[in-house]
Amino acid sequence: MLPSGFRKHLIHNVKELEVLLMDKNSYCAETAHNAFSRNHKAIVKRAAQLAVRVTNPNTSLHGEENE
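Residues numbered from 1 in each chain as written. Predicted model: local features only at pLDDT ≥ 70, side-chain atom pairs only at ≥ 80, totals over all residues. Heavy atoms only, no water.

Asker: Could you give an account of the overall build of the protein chain, naming the residues involved and the relevant values?
Answerer: Scanning the protein chain for helices and strands turns up 2 helices and 2 strands. Starting at the N terminus and walking to the C terminus, you meet the elements of the protein chain as β-α-β-α. Looking at the protein chain residue by residue over its 67 residues, the buried ones come to 25%. Considering only contacts in the protein chain between residues 6 or more positions apart, those separated by 24 or more positions represent 41%. (Helix = DSSP H or I, 4+ residues; strand = E, 2+ residues; numbered from the N terminus. Buried < 20%, exposed > 50% of the residue type's maximum accessible area, 1.4 Å probe, protein only. Contact = heavy atoms within 4.5 Å.)

Asker: Can you lay out unusual backbone geometry for me, pointing to particular residues and giving the numbers?
Answerer: Within the chain, A51 stands out as a residue other than glycine whose phi angle is a positive 60°. Judged by its relative accessible area of 55%, A51 falls in the exposed class.

Asker: For the side chain of T31, give the residues involved together with the corresponding values.
Answerer: Here T31 lies in strand β2 (residues 27–31). Of the residues examined, T31 reaches a relative accessible area of 2% and is grouped as buried. Here the side chain of T31 touches H40 through a polar contact of 3.0 Å, side chain to side chain. Excluding residues within four positions of it along the chain, T31 makes contact with L10, I11, H40, I43, N56 and T59. (Polar contact = N/O pair within 3.5 Å; in protein donor to acceptor, adjacent residues only side chain to side chain.)

Asker: Tell me about the environment of K8, and name the residues and values.
Answerer: Secondary-structure assignment places K8 in strand β1 (residues 7–11). Judged by its relative accessible area of 48%, K8 falls in the partly exposed class. Not counting chain neighbours up to four residues away, the residues in contact with K8 comprise L2, Y27, C28 and E30.

Next comes the structure, spelled out in structure tokens:
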């Protein structure tokens, strides 16, 4: 459990994010460290649409600063 009161759920792709819809008040998403940057961006975008909290929204984007 995190200090904010949420529990983490590890997400590898956008489809896994749909699982959190049932308990989005008690669980938050954390993108996997080995998720591709393209998937990471899609997960963060979809989480914003679904109002699901993401604990690491800016990770794995360090290699795409020029885009």
